[in-house]
Amino acid sequence: MVEKSGGYVIHEGCDHIFFVGFLGAGKSTLARNLGRLFHRGYVDVDRMVERSVGKTVCEIFSEEGEASFRRYEARELRKLAQRKSLLVSCGGGIVEGEESCALMHRMGSIVFLDGALSDSLRQIQHPELRPDFVDEACASRLYRLRRPLYERECDLRIDIRDKTFEQVAAEAGQLLWEKGLL
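Reference entry: report on the structure contained in this document.

Analysis parameters
Residues numbered from 1 in each chain as written. Predicted model: local features only at pLDDT ≥ 70, side-chain atom pairs only at ≥ 80, totals over all residues. Heavy atoms only, no water. Pairing = 2+ DSSP bridges. Helix = DSSP H or I, 4+ residues; strand = E, 2+ residues; numbered from the N terminus. Axes fitted to C-alpha atoms, helices over the stretch in contact; angles between N-to-C directions. Contact = heavy atoms within 4.5 Å. Buried < 20%, exposed > 50% of the residue type's maximum accessible area, 1.4 Å probe, protein only. Arc of directions from axis to C-beta. Salt bridge = Lys/Arg side-chain N within 4 Å of Asp/Glu carboxyl O.

Glancing now at the sheet that holds strand β6 (residues 108-114). What the five strands build is an open sheet, ordered β4-β5-β3-β6-β7; its pairing is parallel. Edge positions in the open sheet fall to β4 (42-44) and β7 (156-159), since each of these has one partner strand only. Going across the sheet, the axis of each strand differs from the next one's by a mean of 20 degrees, ignoring polarity. Alignment of strand β3 (residues 16-20) against β6, held across five bridges, turns out to be parallel. Of the residues in β6, the one forming a bridge with V20 is F112. Strands β4 and β5 (87-89) of the sheet are contacted by helix α2 (residues 45-53), whose axis makes an angle of about 65 degrees with β4.

For helix α5 (residues 98-107), the complete set of buried residues consists of S100, C101, L103, M104 and M107. Down the axis, α5 shows its buried residues gathered within 165 degrees of arc, on one side only. Exposed residues lying more than 90 degrees from the buried face of α5 are E98 and R106. Its buried side turned inward, α5 meets β3, α4 (66-79), β6 and α7 (136-153).

It is worth spelling out the pattern of salt bridges at this point. Inspection of every chain in the model, using the stated rule, returns 18 salt bridges. Ionic pairing is found between K55 and E63, a salt bridge with its closest N-O pair at 2.9 Å. The class for K55 is partly exposed, based on a relative accessible area of 24%. What makes E63 exposed here is its relative accessible area of 53%.

Structure below.
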């Protein structure tokens, strides 16, 4: 339920916006920039996991495996239930965790930043920091696996193909504002 008070939209309950998409889609940058523009908090689930566990995402994948990372990811999402109105950047594989998907749906809206694999490959500046990126063939397999999951889980989709970051941010801000989410 949404109420208007003094010209501001006030959301009741947990009303986070979760940004999902493939590697290099710009989820963190979009969450941070929209947060600044609309005066909303923003968080990055991967960074939350790293701070909580005391290891990098790559170290967790290497030492404990992906299943362990997905459990940490869900644990950090559960902590967000006590907060309001966050813009949340999610790791590219979050849609592979059933619990994480259920939590995101319960706590807010999921926005899929829908881009082409070729765009993602161009955007990835530090592939060594991506535990699930080994090479282009691996990235292609992951993209084919995850794309239907993004499509299934999303409430809203923003096509980021052939657009500048500024265009994506403007479109996202307008769409989220029109839907009463910002």
